[in-house]
Amino acid sequence: MSWVLDSGRPIYLQIVERLELSIVSGQFKPGDKVPSVRELAVEAGVNPNTMQKAMVELERQGLVHSERTSGRFITEDEAMITQVREELAKKQIQEFMERMNKMGFDGEEIVTLLQKTMREGKK
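To start, this report covers the structure provided alongside it.

Conventions adopted
Residues numbered from 1 in each chain as written. Predicted model: local features only at pLDDT ≥ 70, side-chain atom pairs only at ≥ 80, totals over all residues. Heavy atoms only, no water. Helix = DSSP H or I, 4+ residues; strand = E, 2+ residues; numbered from the N terminus. Buried < 20%, exposed > 50% of the residue type's maximum accessible area, 1.4 Å probe, protein only. Contact = heavy atoms within 4.5 Å. Areas by Shrake-Rupley, 256 points an atom, 1.4 Å probe, with all protein chains shown as cover. Lys, Arg positive; Asp, Glu negative; His and termini not counted. Charge placed at Lys NZ, Arg CZ, Asp CG, Glu CD. Salt bridge = Lys/Arg side-chain N within 4 Å of Asp/Glu carboxyl O. Core = buried A, V, L, I, M, F, W, Y, C linked by side-chain atoms within 4.5 Å. Pairing = 2+ DSSP bridges.

Looking at the overall build of the protein chain
Turning to step 1, where the next piece is worked out: A tally of regular secondary structure across the protein chain gives five helices and two strands.
Turning to step 2, where the next piece is worked out: Secondary structure of the protein chain in N-to-C order comes out as α-α-α-β-β-α-α.
Turning to step 3, where the next piece is worked out: Across its three principal directions, the C-alpha atoms of the protein chain cover 55 × 35 × 30 Å.
Turning to step 4, where the next piece is worked out: Per-residue burial for the protein chain yields a buried fraction of 25% across its 123 residues.
Turning to step 5, where the next piece is worked out: The contacts in the protein chain between residues at least 6 apart in sequence include a share of 48% that link residues at least 24 apart.
Turning to step 6, where the next piece is worked out: A total of about 8600 Å² of accessible surface is found on the protein chain, and carbon and sulfur atoms cover 52% of it.
Turning to step 7, where the next piece is worked out: For the protein chain, the centre of its 18 positive side-chain charges and the centre of its 20 negative side-chain charges are spaced 3 Å apart.

Below you can see the structure in the form of structure tokens.
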């Protein structure tokens, strides 16, 4: 997996977002062992301390938990994963709606355009 990180935003937050997406999309399954901080840091090209900070945040959120001698694991709480997935989707929708409103579209026009685009995508 390719890590594209933007220097204009805190790197650890971008890592958290990336790992959240990997969890809610099913790339990491509930109960899966998470690669070590060092492995992930090398893969992402970041300092292990930065990766550790991201992992602590994921633990704080409850998406990841540590087992003393075994490492970190994805939560098995599928309801929590579903909730995070919906929150991420709502955030994307809100950002999309704001951009569309700035272009002069109202809610009804946006829905019509979405439906039209979805129909065209099925052809």
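The structure having been displayed, the exposition proceeds.
A word on the pattern of salt bridges
Think of it this way: side chains of opposite charge can pair up when their charged atoms draw near.
Turning to step 1, where the next piece is worked out: Scanning all chains against the criterion turns up three salt bridges.
Turning to step 2, where the next piece is worked out: The closest approach of N and O atoms between E17 and R9, which form a salt bridge, is 2.7 Å.
Turning to step 3, where the next piece is worked out: Its relative accessible area of 33% is what places E17 among the partly exposed residues.
Turning to step 4, where the next piece is worked out: In this structure, R60 and E57 form a salt bridge, with 2.6 Å as the shortest nitrogen-oxygen distance.

Quick word on the nonpolar core
Turning to step 1, where the next piece is worked out: Within the largest apolar cluster, 22 residues are counted, with the highest numbers of intra-cluster contacts made by M51 and M55.
Turning to step 2, where the next piece is worked out: If you list the elements that add at least two residues to this core, you get helix 1 (11-24), helix 2 (37-44), helix 3 (48-61) and helix 4 (78-102).
Turning to step 3, where the next piece is worked out: The dominant element in this core, judged by the number of residues it contributes, is helix 1, at five residues.
Turning to step 4, where the next piece is worked out: Residues in contact with M55, not counting those within four places in the same chain, are L19, V34, V37, L40, V64 and R72.

Regarding the pairing of strand 1 (residues 64-67)
Turning to step 1, where the next piece is worked out: As paired strands, strand 1 and strand 2 (residues 71-74) are joined by four bridges and run antiparallel to one another. The residue of strand 2 that forms the bridge with E67 is G71.
Turning to step 2, where the next piece is worked out: Linking strand 1 to strand 2, which pair antiparallel, is a turn of three residues.

Read these as geometric descriptors, not functional statements.
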